[in-house]
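# Per-entry structural report
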Amino acid sequence: MTDNQSGVGQAYDAVAELYATLFTGELASRDDELALIGELVAAPPVVGGRPVGDLGCGPGEATALLGGLGIPAVGLDLSAGMLAQARRHRPDESFVRGCLLALPFADASLGAVLARYSLIHLQPAELPAALAELRRVLAPGGRLLLGFFAADPALGDSDRPVPFDHKVATAHRWPVDTLAALLPAAGFTETARTVRQPGPGERHPQATLLAEAAS
């Protein structure tokens, strides 16, 4: 685990209980993301029985949502505090501690990966390695769904990721095309994307990328 990742984990430890309280039910209200999660779990390896990794799971809401659909899932997070909240509130689900740059999963062991606002705290130079690690643990034909803060033209963002003062730890807004351009080198093909303007309580545009692992 890098020093940066260790610091991010500690920052989330400090706010884990508050975070779990504030964001309970947040995903269930996001019809756009739920539709994409439906596409994610329709990946052939998931249908064939491989689990879905909810990587950067926080207090485990998406992990539990997947479990409620009857899909085997495992949540992973850097933060011991977040995992304590996840295990407390969702004791029937499986959670492990780990880093996106060195995942504790075997090659091709996952059928799909949900990485919802998980890559935002990585340094931009770390993204290729993180995407390669995600590809390593995905079975051929598996799917990857990324959620992230998109570039904000109103703030003068162009084609490069921009750091900003996320309330927990420094994060980056990514131009969607710039992040999507990293996918092929890691062995992914983009299949869908969304971009939406900030909603109530949000400061920046929000984006998703759905991609498939090469066979």
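The notes below deal with the structure included here. One numbering rule holds for all chains: residues counted from 1, following each sequence as written. For a predicted model such as this one, the threshold for reporting local features is a pLDDT of at least 70, and the threshold for listing and counting side-chain atom pairs is 80 or more; totals across whole chains, interfaces and linings nevertheless cover every residue. The side-chain quantities take in all heavy atoms of the structure and omit both hydrogens and water.

### Some remarks on the pattern of salt bridges
Whenever Lys or Arg places a side-chain nitrogen within 4 Å of a carboxyl oxygen from Asp or Glu, that contact is recorded as a salt bridge. As enumerated under the stated definition, the model contains 13 salt bridges in all. A salt bridge links glutamate 26 to arginine 116; the nearest nitrogen and oxygen atoms lie 3.0 Å apart. With glutamate 26 in the loop between α1 (3-22) and α2 (31-40) and arginine 116 in strand β4 (residues 110-116), the pair connects residues that are 90 residues apart, well separated along the chain. One salt bridge in this structure joins arginine 173 and aspartate 157, with 2.7 Å as the shortest N-O distance. In this pair, arginine 173 sits in strand β7 (residues 171-173) while aspartate 157 sits in the loop between β5 (138-149) and β6 (162-164), placing the two residues 16 residues apart along the sequence. Since its relative accessible area comes to 6%, arginine 173 is described here as buried. Through salt bridges with shared partners, one network takes in Glu26, Arg30, Asp32, Glu33, Arg116, Arg196 and Glu202. In this text, helices come from DSSP runs of H or I with a minimum length of four residues, and strands from runs of E with a minimum of two, each type numbered from the N-terminal end. The rule is simple: take the accessible area with a 1.4 Å probe, protein chains only, and divide by the maximum for that residue type; under 20% is buried, over 50% is exposed, in between is partly exposed.

### Side note on the sheet that holds β4
The pairing criterion is simple: DSSP has to find at least two bridges between the two strands. With mixed pairing, the seven strands of this open sheet are ordered in space as β3-β2-β1-β4-β5-β9-β8. Two strands lie at the open edges of the sheet, namely β3 (94-97) and β8 (188-196), each paired on one side alone. The sheet shows a mean angle of 15° between the axes of neighbouring strands, taken without regard to direction. Relative to β4, strand β1 (residues 52-55) runs parallel, the two being bridged by three bridges. Counted as the bridge partner of glycine 53 is valine 113 from β4. With respect to the sheet, α2 is in contact with β1, β4, β5, β8 and β9 (206-213), its orientation differing from that of β5 by roughly 165°. Helix axes are fitted to C-alpha atoms over the stretch in contact, other axes to C-alpha atoms as well, and angles between N-to-C directions run from 0 to 180 degrees. Whether two residues are in contact is decided by their heavy atoms, any of which lying within 4.5 Å being enough.

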